[in-house]
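What follows is each chain in one-letter form.
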Amino acid sequence: MPFIVMLVATPVDAQEEKKSWEISSELGIILTSGNTESSTLKGAITAKQELERWRNEYKFETLYKKDEVSQDDGSKDNERTSERYFASVQGNYKLNEEHSYLFVYGSHLSDYFGAYRNESVLSLGYGQRLLKGKNYYLDGEIGPGYKYFEYAKDSAAVDSKGDLLAGSTDGEMIALGKLNFNWDINEFVGFRQSLAMEYGSTNTKSRSETELVSKLSDAMQMKLGFYITHNSDVADDKENTDTETLVTLIYNF
């Protein structure tokens, strides 16, 4: 029978910065046993800083998963099937026009089972609120950037000459676009949808994040998230599309 446990990180003391800082921690653990055994850990910390001319956001996320895998001799072992670490920083410089800004963005992804072993992105651009209603809004961002990536040491990817790219690194100019939709359905339930694309000559990466957030108390929320990541060009031993469905608790302080 599946057994689900959800935990929340202990709040830190941020009283002195409560006017300019908004920090949330997120943690979920899913354990299943019986016919199939698996364990999944998802953790995240998000910090938002509001200044007179700048709005800054810092993120750190991690995902770790182990599944029961059948071996060639018929036995079963628990093996690591996913391990990923992601960190990003974005600074938005507010323009005189309301909800209009210039942004600088940097991120790094370390993925042991992804299309690439490491990916780093640095970009800048322009953002603006495209739609605004009483309880919803839609923001858009666009700009150029540079992407550096490393192939896994056991990657089966090959270049145009058929040579293996395992362990090699590369980089390219990319174009980035992002849409963020936020809808407060009522005072207890909110819906979030984001779509992001990194377009490059080597690979185009698209990501969709769909989240339904329910308020449990003034400080605590429950989130159901469904995430899709698609890479246009991957090695023969990799899938183009990865999906995740997770339930976590969020603590805001």
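Conventions we followed
Residues numbered from 1 in each chain as written. Predicted model: local features only at pLDDT ≥ 70, side-chain atom pairs only at ≥ 80, totals over all residues. Heavy atoms only, no water. Phe/Tyr/Trp six-rings, centres within 6.5 Å; stacked < 30°, edge-to-face > 60°. Buried < 20%, exposed > 50% of the residue type's maximum accessible area, 1.4 Å probe, protein only. Lys NZ or Arg CZ within 6 Å of the ring centre and 35° of its normal. Pairing = 2+ DSSP bridges. Helix = DSSP H or I, 4+ residues; strand = E, 2+ residues; numbered from the N terminus. Salt bridge = Lys/Arg side-chain N within 4 Å of Asp/Glu carboxyl O.

Engineer: Explain the packing of aromatic side chains residue by residue, including any values.
Structural biologist: This model, assessed by the stated rule, comprises 8 aromatic pairs. Centre to centre, the rings of Tyr251 and Phe253 are 6.0 Å apart; their planes meet at 40 degrees, and the pair counts as tilted. You can call Tyr251 partly exposed: its relative accessible area is 23%. Positioned above the aromatic ring of Tyr112, the side-chain terminus of Arg80 is 4.9 Å from the ring centre. The side chain of Arg129 reaches across the aromatic face of Tyr137, ending 3.9 Å from its centre.

Engineer: Could you give an account of the pairing of strand S5 (residues 76-94), with specific residues and numbers?
Structural biologist: Note: strand S4 (residues 54-70) against S5, 17 bridges, orientation antiparallel. Note that in S5 the partner of Val69 across the bridge is Asp77. Linking S4 to S5, which pair antiparallel, is a turn of 5 residues; within it Gly74 sits at a positive phi near 95 degrees. Sheet analysis places S5 next to strand S6 (residues 100-111), joined by 11 bridges and oriented antiparallel.

Engineer: Please provide a residue-by-residue account of the pattern of salt bridges, values included.
Structural biologist: What the rule picks out here adds up to 17 salt bridges. A salt bridge links Arg80 to Glu83; the shortest N-O distance between them is 2.4 Å. Taking relative accessible area as the criterion, Arg80 reaches 37% and is therefore assigned partly exposed. For Glu244, the salt bridge goes to Arg84, with nearest N and O atoms at 2.7 Å. One end of the pair, Glu244, is in strand S13 (residues 241-252); the other, Arg84, is in strand S5, and 160 residues separate them in sequence.

The values are spatial; any link to function lies outside them.
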